[in-house]
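Tertiary structure, described
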2 protein chains.
Amino acid sequence: MAPRISEEAKKARRDHLLEAALECFSSKGYYASTVDDIVRYANLSKGSVYNYFESKEDIFIHLLEKKRTESMEHLKEKLDKIDSPTKKLQHWIHEDIPYSLNKKKFMRVHIEFWLYSADSPKLKEILSKRFDTMVDMTIAIITDGKKRGEFRQDLDVEQATAMFWSLHDGIWLHAVIGYDVKKLESHIREMENVFMAYIQ
Amino acid sequence: MAPRISEEAKKARRDHLLEAALECFSSKGYYASTVDDIVRYANLSKGSVYNYFESKEDIFIHLLEKKRTESMEHLKEKLDKIDSPTKKLQHWIHEDIPYSLNKKKFMRVHIEFWLYSADSPKLKEILSKRFDTMVDMTIAIITDGKKRGEFRQDLDVEQATAMFWSLHDGIWLHAVIGYDVKKLESHIREMENVFMAYIQ
DNA sequence: CTAAAAAGACTAACCAGTCAGTTTTAATAA
DNA sequence: TTATTAAAACTGACTGGTTAGTCTTTTTAG
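Conventions used here
- Residues numbered from 1 in each chain as written.
- Chains lettered and ligands numbered in written order.
- Predicted model: local features only at pLDDT ≥ 70, side-chain atom pairs only at ≥ 80, totals over all residues.
- Heavy atoms only, no water.
- Helix = DSSP H or I, 4+ residues; strand = E, 2+ residues; numbered from the N terminus.
- Buried < 20%, exposed > 50% of the residue type's maximum accessible area, 1.4 Å probe, protein only.
- Contact = heavy atoms within 4.5 Å.
- Buried area = accessible area lost by both parts, 1.4 Å probe.
- Salt bridge = Lys/Arg side-chain N within 4 Å of Asp/Glu carboxyl O.
- Polar contact = N/O pair within 3.5 Å; in protein donor to acceptor, adjacent residues only side chain to side chain.
- Domains from an automatic or database assignment.
- Nonpolar A, V, L, I, M, F, W, Y, C, P; charged D, E, K, R; others polar.
- UniProt positions renumbered as here; feature names shortened; annotations may be inferred.
- Lys, Arg positive; Asp, Glu negative; His and termini not counted.
- Expected span 1.5 Å × (residues − 1).
- Phe/Tyr/Trp six-rings, centres within 6.5 Å; stacked < 30°, edge-to-face > 60°.
- Lys NZ or Arg CZ within 6 Å of the ring centre and 35° of its normal.
- Least-squares fit on C-alpha atoms with pLDDT ≥ 70 in both.

Before going further, it helps to spend a moment on the overall build of chain A. Summing up its helical and strand segments, chain A has nine helices and zero strands in all. Along chain A, helices (α) and strands (β) appear in the sequence α-α-α-α-α-α-α-α-α when read from the amino end. For chain A, the C-alpha atoms occupy an extent of roughly 65 × 40 × 35 Å along the three principal directions. Looking at chain A residue by residue over its 200 residues, the buried ones come to 52%. If you take every contact in chain A between residues at least 6 apart in sequence, the share linking residues at least 24 apart comes to 69%.

You'll often see interface size given as the accessible area lost when the parts meet. Taken together, the 35 residues of chain A in the interface contact 35 residues of chain B. Across the interface of chain A and chain B, roughly 3300 Å² is buried in total on both sides, 67% from carbon and sulfur atoms. Together, Leu115, Met163 and His174 of chain A form the three largest contributors to the area buried by chain A at its contact with chain B, with a combined 18%. Between the two partners, chain A and chain B, sit zero salt bridges. Counting across the chain A and chain B interface gives 12 residue pairs in polar contact (both at pLDDT 80 or more). Considering each element in turn, the side of chain A that touches chain B owes the most residues, 12 residues, to helix α8 (residues 157-176) of chain A.

Mapping Leu44 of chain B onto the fold places it in the loop between α2 (35-42) and α3 (46-52). Residues Leu44 of chain B and Arg13 of chain B lie 31 residues apart in sequence; the distance between their C-alpha atoms is 9.7 Å.

Looking now at the domain arrangement of chain A. Residues and elements named next belong to chain A. Its domain assignment divides chain A into domain 1 (1-53) and domain 2 (63-199). Roughly 960 Å² of surface becomes buried between domain 1 and domain 2 when both sides are summed, with 64% attributable to carbon and sulfur atoms. When the buried surface of domain 1 facing domain 2 is broken down by residue, Leu18, Leu22 and Ser26 rank first, second and third, together holding 45% of it. Summed over the shared surface of domain 1 and domain 2, the result is three salt bridges. Ionic pairing is found between Lys66 and Glu19, a salt bridge with its closest N-O pair at 2.7 Å. At the boundary of domain 1 with domain 2, the tally comes to four residue pairs in polar contact (both at pLDDT 80 or more). In terms of residue class, the side of domain 1 that touches domain 2 is made up of six nonpolar, two polar and four charged.

Once that is clear, we can look at the UniProt feature "DNA-binding region" (unreviewed entry) in chain A. Following the UniProt record, one finds the feature "DNA-binding region" (unreviewed entry) at residues 34-53 of chain A. End-to-end, the C-alpha atoms of residues 34-53 of chain A are 14 Å apart, and along that stretch the chain is 75% helix and 0% strand.

UniProt records the feature "domain: HTH tetR-type" (unreviewed entry) at residues 11-71 of chain A, using the numbering of this structure. Measuring from the first to the last C-alpha atom of residues 11-71 of chain A gives 18 Å, for a span that is 80% helix and 0% strand.

Attention shifts here to the side chain of Asp58 of chain A. The topology assignment puts Asp58 of chain A in helix α4 (residues 56-80). Although Asp58 of chain A lies buried, it forms no salt bridge, and the closest oppositely charged side chain, Arg14 of chain A, sits 5.8 Å away as judged by the N-O distance.

Attention shifts here to helix α6 (residues 100-116) of chain A. For α6 of chain A, with 17 residues, the first-to-last C-alpha span of 24 Å sits near the 24 Å given by 1.5 Å per residue. In terms of burial, α6 of chain A is a largely internal element, 14 of the 17 residues being buried.

A few words now on the packing of aromatic side chains. Residues and elements named next belong to chain B. In this structure the tally under the stated criterion is 25 aromatic pairs over all chains. Aromatic pair Trp92 and Trp165: ring centres 5.3 Å apart, planes at 75°, arrangement edge-to-face. Here Trp165 lies in helix α8 (residues 157-176) and Trp92 lies in helix α5 (residues 85-94), a separation of 73 residues in the sequence. Just as Trp92 is buried, Trp165 falls in that class too. The side chain of Lys56 reaches across the aromatic face of Tyr30, ending 4.6 Å from its centre. Note that Lys103 overlies the ring of Trp172, its terminal NZ or CZ placed 5.0 Å from the centroid.

This paragraph deals with the relation of the copies chain A and chain B. Once chain A is rotated about the relating axis by 180° and shifted along it by 0.0 Å, it coincides with chain B to within an RMSD of 0.1 Å. Those values place the two copies in the arrangement expected of a two-fold rotation axis. Taking C-alpha positions as reference, the residue of chain A nearest the rotation axis is Gly170 of chain A, located at 1.9 Å.

In C-alpha cells form, the structure reads like this:
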C-alpha cells in the first residue's frame, strides 16, 4: 500500500514541527520547553512527533542544522555576486537587519545550543561545522582584501576574523536579552564603523 | 542556646556551596546540574543545602550576586587609582587575563543566567543591576575621554559603550566554547587594538 | 482494504524539596 | 575541669510532581 502522505507533505510536517520547536525553545529555552509544549504549538499529538524525530535532542539538532544550511546557502548566493572584499563584509554585517526578529529567535536557541555543546560531542560537531564554514569564508574575504590593498597590510587575518565574529556574536547576544530591535539595528550599523576602522 | 556554628563558619559553608555550584553549573549547565550533584561536590547532604538556600534557583541567584559584587569591588578599586580614560579602558580590557580560567567558568554560568532571565523577573533584575553599573561606568569613562580630547569628538558615547560590551562579551562567549586560554588571551589583547582604533 | 500516520493514555525515570531522626557545638551547671 | 543540655545543623530516605518516550488503538489516504 502507498504511504499515507507524500514525501513533500512529510517534509512539510517536519518543518512545521521544527518551527514550533523554534518558537518554544526561543521563548522558554530548551530545557524548560517540554515535548508537550512543542506538540501543543504544532497542533499535533505527542506520539506523532516520534514518527519524525528520535528524541527531543534530535529536534534541537535538526533545528540548528536546518537553520544553518538555510542561512549559509542564502548568504553564499549573495556574496558570490559581490566582488569587493570590503563590500562583501559590509553586506555580511547588514544582511540580517531585515530579519532581525527571526534571527533573534534563532540566536537565542543557537547560543543555548552552544552552551550545552560543551558536554555533547554530537552538538559540538554540528557547531564546529557551522563555525568552520563561517570562519573559512571570513578568512578568505579578509585575505583577498589584504591582497587587493583594501585592508591594511599588517592586519593579522586570524585575529581579524576572531574580532569579526566576537563583535557579531556579542551584539546578537545582547539583542537576545530584550534589547529592542531599533537599538539592535543601530548596533549592527555601528559594527561596520568599528570593524572598518580596525581593518583599513 | 548558642548557635552551633559561628557566623563566619556559616558564611564559609555558604561560599563553599556556591563554589561547588559554580563547578557544577559551569561544567554541565544549570538545568543539567542536580542539587545532588552540588552536594556531592560540596561533601554535604541534600537536606543541609536548604539551611543555606531556599531553592536551586536561589543558589543560582546568590552565585551570580556574589561574583558580581566581588568583581565590581575589585575593579572599582583598581580603576579609581588610574587617571587617564584611555588607561582605564585598557586596564579594564586586560584585567581578567590573569584569571582567564576562573572567569571562563563564571561566564559560562553568567551567559546561561542571561538566557534564562528572559522569563524570570527576579533574574532579570539582578542582571540589569549588574549591567547598568557596568554601562554607567563605561559611559563615564568615555565621556571623560572625549572631554579631555583623548577620544574623537564625534564619537557617540552610547554606541561606543555598546560596542565595548559587545566585543567583550563576544570574546568571552567564544572562550566559553572550548577555546584554549592562549587564544583567548590574544583575543583580549587584540580587542584593545580594535577598540582604540575606533574611539581615537 | 491496507499500511502509514496520528492520537493520547500510560509508564518509568528523574529530581527538587521535605522531614523525622541523629549528631555536633557551645553555653552553662556542677 | 567536666558533665549536661538544648538549639542549631546535618543526614538521607522518602514523596509528589513532572516529563521523555512508549504502546495500543483509531484514523486516514490512496
